[in-house]
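An overview of the molecular structure
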Amino acid sequence: MTNYRRRQSPNFHGLRPRPVALAVLSTLVLTAGMVLVPSAAQAAADYRVDGTVSVQGNLSLIDGSYELSERGTDFPATNIPVGGMDDWQTTGPKIAEGKFSYRIAEFGAPTKYTVRGDAWFGHPSLTPRGNEYDFVCNVYKDDAAGNPVLITDVEYKSPYKCAAAHEVSVHGYFVDFDVMPQIVATARGVVTAVSTDDHALSLKDGVFSSGNKHLIVNGQLRTADATPDTVASGASTHFAAFMRPTEGNDSLKLARTDFSYHIVEDGFDTQFWVAGKSQNQSASRYERDAACDIYQGNPNPTQEQITAGIQPGKIVKFSPYTCDWSGANVSGRGDWEATFNVGVRQYTTLTDPAQAAEYLSKGCTSTDAECIYFPKGLPTAVDGVKTSMGSQQNVDYELPGSMSFIYTDSRAATNSMSTTVGVLFEASAPWAKVQTSLSLTYGISTTVTTAKSTTYTLPVPPRKTVNAFFTPAYQQVSGEFFFEYAGQYFRSTSSTVTFPDPSNQGRVSSENVPLQEHEYGGALPPAPVTDVKVPVIVKEAPVIENKTPLGEVKPAGTEAHSDSLAVTGSSSALIGGVAVLGGAGLFAGLFLMIIVRRRDEARSS
């Protein structure tokens, strides 16, 4: 049976005493065989009712009103706050009766529900139901017109109820009314970000969903537009889903909450998320369950992200993080709580470069290797090696000329470990994992190509030799490899990965050198009258789709992509393009030069 709070009094299991305002109903005094009876004055105040109205949970009562008999006293407040209570008292010569009505509010917001109570003590012929003393307490719900309608089947059709405890004594009739949520099952959860001495782990972008309308997160009712939750390092978030009649999952009698968080390590967003659930179901007996998994990628992308091509993350059994849970009853079988601890998986740090190289070569090069690369910083732009693309003279006519170059790009991703300790991943598996990591962390496209050809034109002034150069564009990021080898987990020392810049193919530069007679092999033609600049001509190479697998490099210049490279005609120009994540190894390029000569046919000698 529900335990109800009562006022302190020695007369009613702790009820609060009030001054005696009525005569004793009957007192028998045996004195010399004589029986004494109460006087008429004493009988005039025979009936008295003391009532208490209290509220539980996150409920409060507002817009209260009372009807008390003619000698009513102690009228209560019209509003009772969360966790509050108030008293009333009424007396009468033939009947004492008190009625009240309150609008139920939850989290400070009025609901469509009203509670009404009535308690009486008096002559049976005058009482509402012919009983000397009794009480009623009912819940009402507003209809479409806003009129309160009695709920006859509260157990199945109301999220709120009113219960009461009562007792009668020679001092009167005492009734305690309790207004409370009606909860069938509760599923709670506690999510904690567990840090270590080496790493501060925190959680962000917390999302909660429940089939129950009444979901509370950190003491606040959770709504669809709520701000994403965060959990600081070493801190916890508490949530609870309540199965209440008419508020969802009624047929299943199920309380359940699903949640997900983005894992943050040392202040940097990782590619990993954690997601889980806590549920409690009321059936012939309570059935409880919980789950918690680590995901690579967001398990709950928004519709906008899905439209943009982002796929939901997948559960990974192998990851640098763990989520452990345990469950326990809070209060009875109907109130259950699961505790989720999200932490860093125990591992050994490889600080010796030679040992790291050896273990990486064995633990990360097979196609089925459990090996993950996770960047721990933002990418920075870096230049590749500046490469000569050839040169051309303009000497056999007076007017300016131009020359066209076709640059074939086959940049590839490289790892600093390959140069520092001699480890070169020849298998495609590790770089596929690097690709996935970069894509999940930065949204970088993982389209695999090995060649991109671009045609562009540079001016060649008269009496000059033009030398053309290309500097490919890369991005570089620091991170760590996490892998399993010989039954143990390891993290490599800090390693950088250099990969093609996805938004920039590289930079073209040129230099013009005066032509010398000895270079030409004889006397030079007469100098031109004017030095006329030739406008830059840009020609796009034909588009040929390249689906070469990662790690395979086709002969340069055999396939091309149509990327327009704007050249200003000055000594250098920025070439934009789409980066390529290629196979392991250093970048390579093929350059073809096509000289376009121009002559003013109309010019006379």
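This text goes with the structure placed above it.
Residues numbered from 1 in each chain as written. Predicted model: local features only at pLDDT ≥ 70, side-chain atom pairs only at ≥ 80, totals over all residues. Heavy atoms only, no water.

Considering the packing of aromatic side chains
All chains considered together, the criterion is met by 24 aromatic pairs. Considering the side-chain rings of Phe 482 and Tyr 489, the 5.7 Å spacing of their centres and the 10° angle between planes classify their relative orientation as stacked. For Tyr 489, a relative accessible area of 25% corresponds to the partly exposed category. Through a chain of ring-to-ring contacts, three or more aromatic side chains come together here, namely Tyr 66, Trp 88, Phe 100, Tyr 102, Phe 135 and Phe 177. Cation over ring: Lys 386 sits above Phe 469, and NZ or CZ is 4.8 Å from the ring centre. (Phe/Tyr/Trp six-rings, centres within 6.5 Å; stacked < 30°, edge-to-face > 60°. Buried < 20%, exposed > 50% of the residue type's maximum accessible area, 1.4 Å probe, protein only. Lys NZ or Arg CZ within 6 Å of the ring centre and 35° of its normal.)

Focus: the state of the cysteines
In the structure shown here, the tally under the stated rule is three disulfides. One disulfide bridge connects Cys 292 with Cys 323, the sulfur atoms lying 1.7 Å from each other. On the S-S bond that ties Cys 292 to Cys 323, the torsion sits near 95°, and the link is right-handed. In this pair, Cys 292 sits in strand E18 (residues 286-296) while Cys 323 sits in strand E20 (residues 321-329), placing the two residues 31 residues apart along the sequence. Here Cys 364 engages in a disulfide with Cys 371; their sulfurs sit 2.1 Å apart. Every disulfide takes its handedness from the sign of the S-S torsion; for Cys 364 and Cys 371 that torsion is 80°, giving right-handed. Sequence-ordered numbering of the bonded cysteines in the chain yields a pairing of 1-2, 3-4, 5-6. (Disulfide = S-S within 2.5 Å. Helix = DSSP H or I, 4+ residues; strand = E, 2+ residues; numbered from the N terminus.)

Side note on the pairing of strand E1 (residues 47-55)
Counting buried positions along E1 yields nine of nine residues, so the element is predominantly enclosed. Along E1, one buried face is formed by Tyr 47, Val 49, Gly 51, Val 53 and Val 55 and the opposite face, lined by Arg 48, Asp 50, Thr 52 and Ser 54, is buried too. In this sheet, strand E3 (residues 85-92) lies alongside E1 in antiparallel orientation, the contact comprising eight bridges. Paired with Arg 48 across the two strands is Thr 91, which belongs to E3. In the sheet, E1 pairs with strand E9 (residues 172-181) via seven bridges, with the strands oriented parallel. What sits directly across from Gly 51, in E9, is Val 175. (Pairing = 2+ DSSP bridges.)

Digging into unusual backbone geometry
In terms of backbone geometry, most residues other than glycine have negative phi values and most peptide bonds are trans. At Asn 249, a residue that is not glycine, the phi angle is positive and equals roughly 60°. By the secondary structure assignment, Asn 249 is in the loop between strand E15 (236-243) and strand E16 (254-265). One non-glycine residue, Arg 463, lies in the positive phi region at around 60°. Tracing the chain through its elements places Arg 463 in the loop between strand E28 (452-460) and strand E29 (464-485).

Examining the environment of Asn 138
Along the chain, the position of Asn 138 falls in strand E6 (residues 133-142). Asn 138 sits 13 residues away from Ile 151 along the chain, and the two C-alpha atoms are 7.5 Å apart.

Things to note about the environment of Ser 494
Looking at the secondary structure, you find Ser 494 in the loop between strand E30 (488-491) and strand E31 (495-500). On the accessibility criterion, Ser 494 (57% relative accessible area) is exposed. The spatial distance from the C-alpha of Ser 494 to the C-alpha of Glu 480 is 5.4 Å, given a sequence separation of 14 residues. Excluding anything up to four places from it in sequence, Ser 494 contacts Ser 478 and Gly 479. (Contact = heavy atoms within 4.5 Å.)

Describing the pairing of strand E26 (residues 401-410)
In terms of burial, E26 is largely enclosed, as ten of its ten residues are buried. Side-chain alternation along E26 places Gly 401, Met 403, Phe 405, Tyr 407 and Asp 409 on one buried face and Ser 402, Ser 404, Ile 406, Thr 408 and Ser 410 on a second face that is also buried.

Here we look at the sheet that holds strand E8 (residues 160-169)
Read from one edge of the open sheet, four strands run E3-E1-E9-E8, paired in mixed fashion. Each end of this open sheet is capped by a strand with a single partner; those strands are E3 and E8. Taking the axes of each pair of neighbouring strands and ignoring which way they run, one obtains an average angle of 15° across the sheet. (Axes fitted to C-alpha atoms, helices over the stretch in contact; angles between N-to-C directions.)

A word on the sheet that holds E15
Across a sheet, strands are paired by hydrogen bonds formed along the backbone, either parallel or antiparallel in direction. The six strands lie next to each other as E13-E12-E15-E10-E21-E20, forming an open sheet whose pairing is mixed. Here the strands that pair on one side only, and so sit at the sheet edges, are strand E13 (220-221) and E20. Note that E20 and strand E21 (residues 335-344) share nine bridges and pair antiparallel. Bridge assignment links Asp 324 to a residue of E21, and that residue is Asn 341.

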